[in-house]
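# Summary of the model geometry
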Amino acid sequence: SVQVRPTRTDDGDVDGVIVGLRDIHDQVLAREALERSENLFRVAMDGAPQGMAVVGLDLQFLQVNRALGEMLARDESWLLSHTLRDVISPEDLEADLAGNNELFAGTAQRIVREGRWLRADGSALWVVHSTGLLRDENDNPLFHVSHIQDNTVAHERNAELAYRASHDPLTGLMNREQLQQRITDALLL
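Procedures and definitions
- Residues numbered from 1 in each chain as written.
- Predicted model: local features only at pLDDT ≥ 70, side-chain atom pairs only at ≥ 80, totals over all residues.
- Heavy atoms only, no water.
- Phe/Tyr/Trp six-rings, centres within 6.5 Å; stacked < 30°, edge-to-face > 60°.
- Lys NZ or Arg CZ within 6 Å of the ring centre and 35° of its normal.
- Core = buried A, V, L, I, M, F, W, Y, C linked by side-chain atoms within 4.5 Å.
- Buried < 20%, exposed > 50% of the residue type's maximum accessible area, 1.4 Å probe, protein only.
- Helix = DSSP H or I, 4+ residues; strand = E, 2+ residues; numbered from the N terminus.
- Contact = heavy atoms within 4.5 Å.
- Pairing = 2+ DSSP bridges.
- Axes fitted to C-alpha atoms, helices over the stretch in contact; angles between N-to-C directions.
- Salt bridge = Lys/Arg side-chain N within 4 Å of Asp/Glu carboxyl O.

### Some points on the packing of aromatic side chains
Where two aromatic rings form a pair, the distance of their centres and the angle of their planes describe that pair. Across all of its chains, the model carries 0 aromatic pairs by this definition. The ring of W78 is capped by R74, whose NZ or CZ atom sits 3.6 Å from the centre of that ring.

This is how it looks when you write it as structure tokens:
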């Protein structure tokens, strides 16, 4: 970094210059590394096939990717002006917040849970929501990084398999094994 300042005579005429040099090589390298890191993060987030979000400690969306917007049928500006509370189904919100408390307490490094998120039309979407809490060098929480994967098809298949395993295919009534289990449970009460 070069700084140049003129020196003047008593009359105000320039009679020389003072040149100051400062080595900023390390600062330039650090700034370039930060720019590369930010570009890499942006490319990874934008190119991810699943939903991704950076979420503040107040659960406000700070950054979202295109896949999350498509999944929820919401545009980026809507998401950035809302919180997780606005997209997580009310039936699943308490469990989601409990997981965040585990992250804050340090009892978990990341939380993975299945739950329902709401699309723009109000319909529910089953997702697997993986969340990690990033901390600064003093271990203070900074923000969450979330990965959201649409799990609707797998969830519906599992529900169908569970139904088929416990019901007669012809009548739709509980099968013998389920009936015996319910009777046993009732007798134990």
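Following the structure, the description resumes.
### Here's the deal with the nonpolar core
For soluble globular proteins, the rule of thumb is that nonpolar side chains tend to be buried together. Of all hydrophobic cores here, the largest spans 17 residues; its most connected members are F61, L68, L72, L79, L84, V87 and W117. When contributions to this core are tallied by element, the ones reaching two or more residues are β3 (51–56), β4 (61–64), α2 (66–72) and β6 (124–135). For this core, the leading source of residues is α2, giving 3 residues. In contact with L84, not counting residues within four places along its chain, are V55, L59, F61, W117 and H129.

### Some points on the sheet that holds β6
On the basis of which strands lie adjacent, the open sheet formed by 5 strands has the order β4-β3-β7-β6-β5 and antiparallel pairing. Edge strands, defined here as strands with exactly one partner in the open sheet, are β4 and β5 (110–118). Sheet twist, expressed as the average angle between the axes of neighbouring strands with direction ignored, equals 30°. As paired strands, β3 and strand β7 (residues 141–150) are joined by 6 bridges and run antiparallel to one another. Within β7, the position partnered with G56 by the bridge is F143.

### Some thoughts on the pairing of strand β1 (residues 2–8)
In terms of burial, β1 is largely open, as just 0 of its 7 residues are buried. Of the strand pairs in this sheet, β1 and strand β2 (residues 14–21) are connected by 7 bridges, and their pairing is antiparallel. In the strand pairing of β2, Q3 is matched with G20. Taking the residues that link successive antiparallel strands as the turn, the β1-β2 hairpin has 5 residues, and the phi of G12 there is positive, at about 95°.

### Quick notes on the pattern of salt bridges
Counted under the stated rule, the structure contains 4 salt bridges. Between R116 and D92 there is a salt bridge, and its shortest N-O distance comes to 2.9 Å. Of this pair, R116 sits in strand β5 while D92 sits in helix α4 (residues 90–105), placing them 24 residues apart in sequence. R164 is paired through a salt bridge with E160; the nearest N and O atoms lie 2.8 Å apart. With R164 and E160 both in helix α5 (residues 152–166) and 4 residues apart, this pair spans about one turn of that helix. In this structure R164 comes out as exposed when scored by relative accessible area, which is 59%. Assessed through its relative accessible area of 37%, E160 is described here as partly exposed.

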